[in-house]
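# Summary of structural features
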Amino acid sequence: MSLIGNIIWLIFGGLMSGIGYIIGGLGICTTIIGIPFGIKAINLGIATFTPFGKEIIAKPYADDLLTTIFNVIWIVLFGWGIALSHLIWGIILAVTIVGLPFAKQHFKLMILALLPFGRDFA
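Residues numbered from 1 in each chain as written. Predicted model: local features only at pLDDT ≥ 70, side-chain atom pairs only at ≥ 80, totals over all residues. Heavy atoms only, no water.

### Focus on the nonpolar core
What counts here: Residues belong to one nonpolar core when they are buried, are Ala, Val, Leu, Ile, Met, Phe, Trp, Tyr or Cys, and are joined through side-chain atoms within 4.5 Å. Only protein chains enter the accessibility calculation, which uses a 1.4 Å probe. A residue is then buried if its area is under 20% of the maximum for its type, exposed if over 50%, and partly exposed in between. Secondary structure follows DSSP: runs of H or I at least 4 residues long count as helices, runs of E at least 2 residues long count as strands, and numbering of each begins at the N terminus. Note on definitions: a residue-residue contact is assigned when non-hydrogen atoms from the two residues lie within 4.5 Å.
Ranked by internal contacts, the top residues of the largest apolar core, which has 18 residues, are Leu-44, Trp-74 and Ile-82. Those elements that place two or more of their residues in this core are α1 (2-28), α2 (35-49), α3 (65-94) and α4 (100-114). In this view, Trp-74 contacts Phe-37, Lys-40, Ala-41, Gly-79, Ile-82, Ala-113, Leu-114, Pro-116 and Phe-117; residues no more than four positions away in its chain are not counted.

### A short note on the packing of aromatic side chains
The following threshold applies: Two rings from Phe, Tyr or Trp (for Trp, the six-membered ring) form a pair when their centres sit within 6.5 Å of each other. Planes less than 30 degrees apart are called stacked, planes more than 60 degrees apart edge-to-face, and all others tilted.
If you walk through the whole model with that rule in mind, you get 10 aromatic pairs. Between the aromatic rings of Trp-74 and Phe-117, the centroid separation amounts to 6.4 Å while the plane-to-plane angle is 80°, which identifies the pairing as edge-to-face. With Trp-74 in helix α3 and Phe-117 in the loop between α4 and β2 (119-121), this pair connects stretches of sequence that are 43 residues apart. What makes Trp-74 buried here is its relative accessible area of 0%.

### Details of the side chain of Asn-71
Stated formally: Counting of polar contacts relies on pairs of N or O atoms within 3.5 Å, with two restrictions inside protein: one atom must be capable of donating a hydrogen and the other of accepting it, and residues adjacent in sequence are counted only when both atoms are side-chain atoms.
The residue Asn-71 is located in helix α3 in this model. By relative accessible area, Asn-71 is classed as buried at 5%. Polar contacts involving the side chain of Asn-71 include one to the main-chain amide nitrogen of Phe-117, which spans 3.0 Å. Among residues more than four places away in sequence, those in contact with Asn-71 are Leu-114, Leu-115, Pro-116, Phe-117 and Arg-119.

### Points about a nonpolar patch on the surface
Test applied: Each patch is built from residues lacking any salt bridge and having more than 30% relative accessible area; the joining distance is 9 Å for like charges and 5 Å for nonpolar side chains (Val, Leu, Ile, Met, Phe, Trp, Tyr). Using the Shrake-Rupley algorithm and a 1.4 Å probe, accessible areas are obtained, with residue cover drawn only from the displayed protein chains. We count a salt bridge whenever a side-chain nitrogen from Lys or Arg sits within 4 Å of a carboxyl oxygen from Asp or Glu.
A cluster of nonpolar side chains, Trp-80, Leu-84, Leu-87, Ile-88, Trp-89, Ile-91 and Ile-92, forms an exposed patch at the surface whose accessible area comes to about 690 Å². Of note, Ile-92 is situated in helix α3.

### Let's talk about the packing of α3 against α4
Put simply, the rule reads: Angles run from 0 to 180 degrees between N-to-C directions of axes, and those axes are lines fitted to C-alpha atoms, restricted for helices to the stretch in contact. For classification purposes, angles smaller than 35 degrees are called roughly parallel, those larger than 145 roughly antiparallel, those between 65 and 115 roughly perpendicular, and all remaining angles oblique. When residues are grouped by polarity, Ala, Val, Leu, Ile, Met, Phe, Trp, Tyr, Cys and Pro land in nonpolar, Asp, Glu, Lys and Arg in charged, and all others, Gly among them, in polar.
At a closest axis distance of 7 Å, the pairing of α3 and α4 adopts a crossing angle of 170°. Overall, the two elements α3 and α4 adopt an arrangement that is roughly antiparallel. Across the contact of α3 with α4, the residue classes tally to 17 nonpolar, five polar and no charged.

### Section: the environment of Trp-89
Structurally, Trp-89 is set in helix α3. Classification of Trp-89 as partly exposed rests on a relative accessible area of 47%. Considering only alpha carbons, one finds Trp-89 and Phe-102, 13 residues apart in sequence, at a separation of 9.0 Å.

### Quick notes on the environment of Ile-28
Within the secondary structure layout, Ile-28 lies in helix α1. Sequence spacing of Ile-28 and Gly-38 is 10 residues, and the spatial spacing of their C-alpha atoms is 4.9 Å. Every residue in contact with Ile-28, bar those within four places of it in the chain, is listed here: Gly-34, Ile-35, Phe-37, Gly-38 and Phe-78.

### Looking at the packing of α2 against α4
Each pair of packed helices gets described by two things: the angle between the helix axes and the distance between those axes. Remark: α2 packs on α4, axes separated minimally by 11 Å, with the N-to-C direction vectors making an angle of 170°. When the interaxial angle is binned, α2 and α4 end up roughly antiparallel. Within the contact between the two elements, α2 uses Leu-44, Ala-47 and Thr-48 and α4 uses Leu-109, Leu-112 and Ala-113. Among the residues making up the contact of α2 with α4, the classes are represented as five nonpolar, one polar and no charged.

Bear in mind that shape data such as this cannot, by itself, settle questions of function.
Next up, the structure:
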């Protein structure tokens, strides 16, 4: 099921979404200060390519001070917009029965888009 879901996901927007995250991440990486945030955006783009069959896992350092500071900066600058986009698309897709599995993936990606530091997609 996850292979078919990922293929359908890629055809109907997942590929373009992932490419958008990667291009945005590369743009953020052009500044030295933005490199950690750009790398997280690129990782989020790669995770967006194949979300079916994967779960968000918290790393042991997920609650450290530096991770929390990076997550707060991320939310203020980038995360709220990305998470809002996933929320809107998730709600739109949840209206239809066929879109429910894809809405679930958007809600899963929304959590990762809000707090990417200290969490991974596996």
